[in-house]
Amino acid sequence: MSFEILFVFSLLAIALFLFSSEYVSFDIAAIIIMCLLLVTGILTPSEGLSGFSNPATLTVAAMFVLSEGLRRTGILNKVGDFFTRQMEDNFWLGFLGMLLFVSISSSFINNTAVVVIFIPVFIDIASRIDVSPSKLLMPLSFAGIMGGICTLIGTSTNILVSSIAEDRGLEPLAMFEFTPGGILFLSAGFIYLFTIGIKMIPNRRKNEELTSGYKMQGYLTDVVLEPGSDLVGTVLDEQELTAHLDLDVLRIFKPGRDSSAQRSEVYLKAGDILRIRGSAEEINKLLQREDISLKPPKKWVDVDLEQSRDALVEAAVAPDSSLVGETLGEIDFYDRFGAVPLAIRHRGELMHEDLEKVVISGGDSLLLNMSKDRVKQIDTDPSFVLASEVGVYRYRTEKTYKALAILAAVVLSAALGYLPIVVSAIAGVICMILTGCLSADEAYQAVNWKVILLLAGVIPLGTAMDKTGAAALLADGMISLLSVLGPRAILSGFFLLTMGITAVMSNNASAALLAPIAIQTADSLGVNAEPFLFAVTYAASLSFITPFGYQTNTLVYGTGSYKFTDFTKVGLPLNIIFWIIATIAIPMIWPF
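As a starting point, this report considers the structure included with it. Given the structure is predicted, the values throughout are model-derived calculations rather than measurements. (Residues numbered from 1 in each chain as written. Predicted model: local features only at pLDDT ≥ 70, side-chain atom pairs only at ≥ 80, totals over all residues. Heavy atoms only, no water.)

Let's shift gears to the overall build of the protein. Counting its secondary structure elements, the protein contains 27 helices and ten strands. With the principal axes as the frame, the protein shows a C-alpha extent of 90 × 60 × 50 Å. A total of 592 residues make up the protein; the buried ones form 59% of that total. Within the protein, residue pairs in contact and separated by at least 24 positions form 78% of the contacts whose partners lie at least 6 positions apart. A total accessible area of about 23300 Å² is found for the protein, and carbon and sulfur atoms account for 60% of it. Considering the protein, the positive charge centre built from 41 side chains and the negative charge centre built from 58 side chains are found 6 Å apart. (Helix = DSSP H or I, 4+ residues; strand = E, 2+ residues; numbered from the N terminus. Buried < 20%, exposed > 50% of the residue type's maximum accessible area, 1.4 Å probe, protein only. Contact = heavy atoms within 4.5 Å. Areas by Shrake-Rupley, 256 points an atom, 1.4 Å probe, with all protein chains shown as cover. Lys, Arg positive; Asp, Glu negative; His and termini not counted. Charge placed at Lys NZ, Arg CZ, Asp CG, Glu CD.)

So this is what it looks like as structure tokens:
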């Protein structure tokens, strides 16, 4: 075994560690791997940097923009409103119709964007029909995932594997080549959900006010500023007032008035009421000051935090947010968003104290008290998914038909072979901007640059595996292990392995690592590579057993108040069903 192969295997081990841990974000991990390949000379600069110009990278970037252009028309929200009314009349029929719409939409636009739109819609529906939101949000995520595997552009993983195949001399995968298998998995998934799966989902989140759901009763207090206080006549200096205390001043209320004042814009007077977030222990420390007294305790409800200019919102942290890895104290929510975090649901645990020390993870759900005029800022920030407000954003409904026509032209021109998908997608982006569906700035903001850097970083690793012979060695190992059982057993092994790896790391990373090995395995066996490629591609997206295996699972993790094991309980049987289906059906659709 040569040094180059040993080094590539070492990089594979490093990649698996970095992608499955939170030591660094996945995009930085990919760039580290790429850089090591360049520094050691295993890849030339043109080979190492080829991921940036790869058609898959450019196509995925363009699809982010096209999805955003369609989202901003509000068409998905309108259809969601229609199915909401259907669910109020017939829950199961309306729910089936809405999930089918989510799946179909996810086949042509980014499935994460679809799920983002429907999270607040499903929470609102749950409150209207008195169903736990937990029963709706996990099926929403699963429907988005299953819909995404039905076409080439449904998920970035499909585009990536198609590009990997083309780079190795195979035919690129066609737009609707994924559809037969995708429909099979989708049908089986829906049957499972509506017969067994939904019943297995626990009622984690109740239909109750946010203050109750986040258990804020012991963490909100009103105190009164007494005459003679040295604070009277000054603008509140919160650092001075709450120094060394785990407290936040939310608002200042003037005597005899219901409206609140910004905590940093008014002069304090005797009798002013300060609303404070913090535990009873920290409040007792504050009350050691003689110039502050405690108001009688009350039962807190949402309206207490929604008076006048105030808003109470729930926001989930997007899986690829730039805030991931930072503490709440480092983010400084008040200066950045005009918001004060009241509580956070972090990896299934509800936290109220020492919030500034909490390190943000994708899927965390935050309860924020903020100015109403800043809610739109949170809603339009790609770092968050607003779960508690519907209709904050003003959509460009007059652009709906133009955006739909552009997306249809992109799909049809690629499907009919008139243009490669990368060309039609880039042309679609230009049309979106020229027709006013998106501004140039909005187009830049729509691209998930973390995913782009991930693709640019992991594509060269596949090249290095081919160039050094590491892929051939791994393929030979897989063949020697399962060859006596035939190519179907090897395909089954690839599907199971890919599914397992995707449960703990990025679906794109797992596909980029295993697709070259799958192609090499087929070549060594002297059989058609297509069934192996589709096994890896489908399995890389069909991850249901953890909340971190796919972005949409992460999105609903906090807002659904799920525990980690809820995904395993519901998702593991579904993954086993899909494994069996893949083993039987994929060789029938794409013969060896």
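Our next topic: the pattern of salt bridges. Inspection of the entire model under this criterion finds twelve salt bridges. Between arginine 71 and glutamate 68 there is a salt bridge whose closest N-O contact spans 2.9 Å. Taken as a pair, arginine 71 and glutamate 68 lie in helix α5 (residues 55-71) at a separation of three residues, close to a single helical turn. Classification of arginine 71 as buried rests on a relative accessible area of 17%. Close ionic contact of arginine 277 with aspartate 246 constitutes a salt bridge, the shortest N to O distance being 3.1 Å. Note that arginine 277 is positioned in strand β4 (residues 273-277) and aspartate 246 in the loop between α13 (238-241) and β2 (248-253), a separation of 31 residues in sequence. With relative accessibility at 2%, the residue arginine 277 sits in the buried group. (Salt bridge = Lys/Arg side-chain N within 4 Å of Asp/Glu carboxyl O.)

A full pass over the atoms with the stated rule returns 26 aromatic pairs. Seen in terms of ring centroids, phenylalanine 190 and phenylalanine 194 are 6.2 Å apart; in terms of plane orientation they differ by 15°. Their pairing is stacked. Here phenylalanine 190 and its partner phenylalanine 194 are both found in helix α11 (residues 179-200), four residues apart, which amounts to about one turn of the helix. With a relative accessible area of 25%, phenylalanine 194 lands in the partly exposed category. An aromatic cluster of three or more residues is present, and its members are Phe142, Phe178, Phe185, Phe495, Phe534, Tyr538, Phe544, Phe578 and Trp590. (Phe/Tyr/Trp six-rings, centres within 6.5 Å; stacked < 30°, edge-to-face > 60°.)

With that out of the way, let us pick up the pairing of strand β1 (residues 220-225). Most of β1 is tucked away, with six of its six residues classed as buried. Here β1 shows a buried face lined by Leu220, Asp222 and Val224 and a second buried face lined by Thr221, Val223 and Leu225. By the bridge criterion, five bridges tie β1 to β4 in an arrangement that is antiparallel. Paired with threonine 221 across the two strands is isoleucine 276, which belongs to β4. When β1 meets strand β5 (residues 292-294), the two strands line up antiparallel, connected through three bridges. Bridge assignment links leucine 225 to a residue of β5, and that residue is isoleucine 292. (Pairing = 2+ DSSP bridges.)

With respect to the helices, strands and loops of the structure, arginine 394 is situated in the loop between β10 (384-386) and α18 (400-415). Classification of arginine 394 as exposed rests on a relative accessible area of 74%.

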